[in-house]
Amino acid sequence: MTTPPFRAEHVGSFVRPDALLEAARAHRAGRLDAAGLRAAEDAAIQGIVAFQDGLGMPAVTDGEFRRRSWSAGVIDALDGFALRREGLLDFRSEWGSAGIAASPYAARRLGRARPIVAGDYRFLAGLAPKGLPKVTIASPPVLHFFLGPRSFEPAAYADRDAYFADLVRIYRAELAELAAAGCGYVQLDDTALGCICDAAAREGVRARGEDPDALTDAYVALINAAIAERPAGMFVGLHMCRGNFKGRWMAEGGYEAIAKRVFGGLDVDLLLLEYDTPRAGDFAPLRFLPAGKTAALGLIGTKTPALEDRDAVRRRIDEAAAHAPLDRLAVSPQCGFSSAGGGGQPVGPDDTRRKLELVLRIAEEVWGGPAT
């Protein structure tokens with residue numbers, strides 16, 4: 001089994017098969033017990049791992065099939081969270097606003113009621129996939145950014161520093177359990193840093209009494225503290241996204257506003273960057289990518305089934321290589337294929353296969369293979 005960084009990447013989530021969606025509905029309706037739902041999840045994960053291995057993906061995930069959505073793994077595993085139907089940004093599409101998603105807040109002091117992804121990793125690794133098992137987990141800034149000062153109750157935490165300190169404690173405990181289980185690849189999924197590039201979001205941050213640049217620095221420090229005790233052999237990636245809900249997004253704006261602070265300041269090994277539309281800006285911020293760190297260019301869209309033109313993608317990689325050395329770059333989809341979790345996804349299983357086959361082919365042509 002090879003070790004990362006890989007030239008062909010993917011973000012982690014996959015469209016749930018119909019059998020799993022039906023089992024989840026039956027469980028919510030009381031027609032299927034927890035053991036029955038678990039069996040359906042196990043079967044679906046076995047199928048999606050076989051799919052990834054069949055393609056030859058160098059890293060494989062469980063598709064996030066045990067979660068309601070990409071961030072629910074954290075929210076559901078921790079005791080103390082509640083939801084507010086408010087947030088800094090709404091979801092958008094070509095047809096206008098699609099509303100604001102509920103945002104988590106600490107109603108009381110947080111506790112790690114159960115492992116967030118360590119149990120999921122043990123099942124995934126137990127399948128003995130050909131690819132390297134990778135776990136995905138929402139990044140700690142996600143639990144603050146959309147509500148800011150309202151992301152915790154004053155009765156739970158005296159201030160932001162106290163809240164962040166608890167998040168660090170929880171994430172360190174999770175990474176320690178993952179390390180003990182043998183996990184070598186952890187991916188943090190982050191919408192805070194990508195969305196703070198948006199001009200409207202930056203104004204919203206100022207309106208609630210925070211400075212967006214200072215907040216970016218605080219988020220970099222928070223992530224670094226959360227992963228500071230990981231073992232030397234654990235590879236950590238950070239996926240930055242501007243939101244993805246069934247083809248909709250929350251933010252736009254290039255990485256220039258945060259690149260120097262984030263690309264150079266984060267103590268991660270890999271940045272998975274959204275680059276599938278002009279909303280992500282140009283490649284100039286890649287000049288801040290330091291030696292020893294890889295950027296996976298998310299040039300393959302997951303918000304539309306349309307398959308990208310291979311030559312056009314290769315030209316964009318050439319453009320990116322004018323700002324960062326080619327040996328520090330990789331290619332991937334810009335987001336997961338089903339970060340929202342339920343049905344109604346714009347990209348189906350056949351589309352997913354074609355897009356990942358394209359990622360693998362481009363990695364072969366540009367770098368000589370997906371795991372080189």
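Scroll up a little and you will see the structure.
What counts as what
- Residue numbers run consecutively from 1 along every chain, following the written order of its sequence.
- Predicted model: local features are reported for residues with pLDDT of at least 70 only, side-chain atom pairs are reported and counted for 80 or more only, and whole-chain, interface and lining totals are derived from all residues.
- To get the side-chain values, all heavy atoms of the structure are used, and hydrogens and water are removed first.
- Segments assigned H or I by DSSP are reported as helices when at least four residues long, segments assigned E as strands when at least two residues long, and all are numbered from the N terminus.
- The cut-offs for exposure are 20% and 50% of the maximum accessible area for each residue type, with area from a 1.4 Å probe on protein chains only; residues under the lower value are buried, those over the upper are exposed, and the others partly exposed.
- Whether two residues touch is decided by their heavy atoms; if any such pair falls within 4.5 Å, the residues are in contact.
- By nonpolar core we mean a set of buried residues, namely Ala, Val, Leu, Ile, Met, Phe, Trp, Tyr and Cys, connected to one another through side-chain atoms within 4.5 Å.
- For salt bridges, the criterion is a side-chain nitrogen of Lys or Arg within 4 Å of an Asp or Glu carboxyl oxygen.
- Pairing between strands is defined by DSSP: at least two bridges between them are needed.
- Axes, fitted as lines to C-alpha atoms, cover a helix only where it is in contact. Angles between the N-to-C directions of the axes lie from 0 to 180 degrees.
- Think of it like this: strands point away, you trace from the first strand over the helix to the second, and a clockwise trace means the crossover is right-handed.
- Ring pairs are drawn from Phe, Tyr and Trp, using the six-membered ring of Trp, whenever the two centres fall within 6.5 Å, and their geometry is named by plane angle: stacked under 30 degrees, edge-to-face over 60, tilted for the rest.
- Here, over-ring charges are defined by two tests on the NZ atom of lysine or the CZ atom of arginine: distance to the ring centre within 6 Å, and angle to the ring normal within 35 degrees.

> Would you mind showing me how to read the environment of cysteine 197 here?
Along the polypeptide, cysteine 197 turns up in the loop between helix 7 (192–195) and helix 8 (199–207). The class for cysteine 197 is buried, based on a relative accessible area of 8%. Once residues lying within four places of it in the same chain are set aside, the contact partners of cysteine 197 are Arg202, Glu252, Gly253, Gly254, Tyr255 and Ile258.

> Honestly, the nonpolar core in this entry has me stumped. Any pointers?
In summary, soluble globular proteins display a tendency toward joint burial of nonpolar side chains. Formed by 106 residues in total, the largest nonpolar core has its most connected members in Phe145, Tyr163, Met240 and Leu286. Beyond its immediate stretch of four places on either side in the chain, methionine 240 contacts Asp190, Leu193, Gly194, Tyr255, Ile258, Val262, Phe263, Leu271, Leu272, Leu273 and Glu274. Counting nine residues, the second largest nonpolar core, distinct from the first, contains Ala59, Leu132, Leu272 and Ala330.

> Explanation requested: the pattern of salt bridges in the structure shown.
Should the charged atoms of two oppositely charged side chains come close, the side chains can pair. Summed over the entire model, instances satisfying the criterion amount to 33 salt bridges. With a closest N to O distance of 3.2 Å, glutamate 153 and arginine 84 form a salt bridge. Here glutamate 153, found in the loop between helix 5 (142–145) and helix 6 (160–180), pairs with arginine 84, found in strand 2 (residues 78–84); they are 69 residues apart in sequence, far enough to count as distant. Of the charged contacts in the structure, one is a salt bridge between aspartate 351 and arginine 354, with a shortest N-O distance of 2.6 Å.

> Explain the sheet that holds strand 9 (residues 235–240) to me, please; I cannot follow it from the model alone.
By way of backbone hydrogen bonds, the strands of a sheet pair with one another, either parallel or antiparallel. Read from one edge to the other, the open sheet built from six strands follows the order 7-8-9-10-11-12, with strand pairing classed as parallel. Pairing within the sheet leaves two strands with one partner each, and these edge strands are strand 7 (135–138) and strand 12 (329–333). On average, each strand axis in the sheet is inclined to that of its neighbour by 25°, with strand direction left out of account. In the sheet, strand 8 (residues 185–190) pairs with strand 9 via six bridges, with the strands oriented parallel. Bridge pairing links aspartate 190 to methionine 240 in strand 9. The sheet strands contacting helix 12 (residues 349–367) are strand 11 (294–300) and strand 12, and the helix crosses strand 12 at an angle near 170°.

> Explain the pairing of strand 11 here, please?
The two faces of a sheet get side chains in turn, since along a regular strand they alternate between them. Taking burial as the measure, the seven residues of strand 11 include seven buried ones, the bulk of the element. Here five bridges tie strand 10 (residues 270–274) to strand 11, and the two strands are oriented parallel to one another. Its bridge partner lying in strand 11, leucine 270 is registered against threonine 294. Inspection of the sheet shows strand 11 paired to strand 12 by five bridges, in the parallel sense. For alanine 295, the partnering residue across the bridge sits in strand 12 and is leucine 329. Read as a crossover between parallel neighbours, the route from strand 11 over helix 11 (residues 310–320) to strand 12 is right-handed.

> Would you mind going over the packing of aromatic side chains with me for this structure?
Geometry of an aromatic ring pair is reported as the spacing of the ring centres plus the angle between the planes. Tallied over the entire structure, the rule returns 14 aromatic pairs. With 5.8 Å between their ring centres and 20° between their planes, phenylalanine 14 and phenylalanine 337 make a pair best called stacked. A residue pair is termed long-range when its members are at least 10 positions apart, and phenylalanine 14 in the segment before helix 1 (18–28) and phenylalanine 337 in the loop between strand 12 and helix 12 qualify at 323 residues. Judged by its relative accessible area of 2%, phenylalanine 14 falls in the buried class. A relative accessible area of 3% places phenylalanine 337 in the buried class. For the pair phenylalanine 145 and phenylalanine 146, a centre-to-centre distance of 5.0 Å together with 80° between the ring planes defines the contact as edge-to-face. Grouped by ring-pair contacts, the aromatic residues Phe145, Phe146, Phe152, Tyr157, Tyr163, Phe164 and Tyr219 constitute a single cluster. The residue whose ring lies beneath arginine 242 is tyrosine 255, and the NZ or CZ to ring-centre distance is 4.3 Å.

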